[in-house]
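# Examining the three-dimensional arrangement
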Amino acid sequence: MTHSFPRPTGTAFTPDAFETQTVNTPAAERRAASLPARRSVKKDWQAAWLLRAITCIDLTTLAGDDTAGRVQRLCAKARNPVRADLLAALGVEGVTVGAVCVYPTMVPHAVKALAGSGIPVASVATGFPAGLTPLPLRLAEISYAVDQGAAEIDIVITREHVLTGNWAALYDEIAAMRAACGEAHLKAILATGDLKTLTNVYKASMVAMQAGADFIKTSTGKEDVNATLPVSLTMLRALRDYRDRTGQWVGFKPAGGLKTAKDAMNWQILMKEELGTRWLMPDLFRIGASSLLGDIERQLEHHVTGRYSAANRHALA
Ligand SMILES: O=C[C@H](O)COP(=O)(O)O
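Structural notes, computed from the coordinates.

Procedures and definitions
- Residues numbered from 1 in each chain as written.
- Predicted model: local features only at pLDDT ≥ 70, side-chain atom pairs only at ≥ 80, totals over all residues.
- Heavy atoms only, no water.
- Near = heavy atom within 4 Å.
- Polar contact = N/O pair within 3.5 Å; in protein donor to acceptor, adjacent residues only side chain to side chain.
- Areas by Shrake-Rupley, 256 points an atom, 1.4 Å probe, with all protein chains shown as cover.
- 1 Å grid on protein atoms, 1.4 Å probe; cavity = no way out; pocket = protein on both sides within 12 Å on 5 of 7 lines; lining within 4 Å.
- Sits in = over half its atoms within 2 Å of the grid points.
- Nonpolar A, V, L, I, M, F, W, Y, C, P; charged D, E, K, R; others polar.
- Core = buried A, V, L, I, M, F, W, Y, C linked by side-chain atoms within 4.5 Å.
- Buried < 20%, exposed > 50% of the residue type's maximum accessible area, 1.4 Å probe, protein only.
- Pairing = 2+ DSSP bridges.
- Helix = DSSP H or I, 4+ residues; strand = E, 2+ residues; numbered from the N terminus.
- Axes fitted to C-alpha atoms, helices over the stretch in contact; angles between N-to-C directions.

### A look at the site of the ligand
As a structural note, the neighbourhood of the ligand is formed by Thr 60, Leu 62, Lys 217, Thr 220, Gly 221, Ala 255, Gly 256, Gly 257, Lys 259, Gly 288, Ala 289 and Ser 290. Contact distances for the ligand include 2.8 Å between an oxygen atom and a backbone N or O atom of Gly 257. Within the contact set of the ligand, an oxygen atom lies 3.0 Å away from a side-chain nitrogen or oxygen of Lys 259. Contact with the protein chains removes 89% of the 310 Å² of surface that the ligand exposes when unbound. Taking a 2 Å distance to the grid points as the criterion, the majority of the atoms of the ligand fall inside the largest pocket. Taken together, the residues that form the shell around the ligand break down as 3 nonpolar, 7 polar and 2 charged.

Structure representation (structure tokens):
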């Protein structure tokens, strides 16, 4: 039984917790670069890590041409992410994903398609992906998504507040969004590809956690640069510093560009080494991805059958 942590409550706005902080970017980049070079775990252990990764995927479709039919198909995949014969061969059952993540108007279709599954529906909101609409409209979008049945809200921050060092304004907007979420969990998308420096990433992470975010998330998937290992390392260090200062455990969600099973394992290894095994569970770790599951399933098929499906012949090095 995994110990469950109380939902983070945030704190008062506390600039001294981060204002003098600077990130050693070359050191962070060196540390991150060492991960993919590692020999990854092999055979049964690899399969176990990949099954664990599936349980943390926020299976996502965030496209302008999304339809009810596409969301229904995604939800069917969320319910059964791995072929039954492969699960039987692996000796596991009941594997499902962490959540399904969609746009607000697609929430009702996901809620209906996931009824009885226990899989939560996550919705982006607050003017995703740019976030440049009036705050009252952004808060109303949160309320709409929650009213439609979303249990998790992925909000986007106003990057200008970070780029101008207006940390109080950033705190206030995220705190207002957290209040609008009510019982729904809030994931704060920092759009790190827009934030220019790792020091800004660290500070934005701390402010989002002080404002009550349940998760901090790297990217919308729409920036030029989305989830990277150096940025993720910086956010994990902020998570750890925040936990050490406040005792509150906040979750982490890399998103955007995680496409392969190797990507998933690189982030899992980073999480384990920086924060520990407990942080590999879906209440503290999610991967926002639209195509990652396909490659993980192909690697599991290879593990079981020794063959790759026609769609992919890239060995997991
Ligand atoms: O979290 C949501 C992201 O948009 C997923 O990005 P992706 O399509 O690169 O997997």
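### What about the nonpolar core?
Generally speaking, a soluble globular protein has its nonpolar side chains buried in company with each other. Core analysis: the biggest nonpolar cluster contains 92 residues, and Ile 54, Ile 153, Leu 239, Phe 252 and Ile 296 have the highest contact counts within it. Among the nonpolar cores identified, the runner-up in size contains 7 residues, and Leu 62, Val 124, Phe 128 and Val 156 belong to it.

### Here's the deal with the sheet that holds strand 7 (residues 251-253)
The 8 strands are arranged 7-6-5-4-3-2-1-8 in an open sheet whose pairing can be described as parallel. Unpaired on one side and paired on the other, strand 7 and strand 8 (287-289) mark the two borders of the sheet. Direction aside, neighbouring strands of the sheet carry axes that sit 25 degrees apart on average. In the sheet, strand 5 (residues 185-189) pairs with strand 6 (residues 215-217) via 3 bridges, with the strands oriented parallel. Residue Lys 187 lies in a different strand from strand 6, and its bridge partner there is Phe 215.

Everything listed here is a matter of geometry and, on its own, says nothing about what the molecule does.
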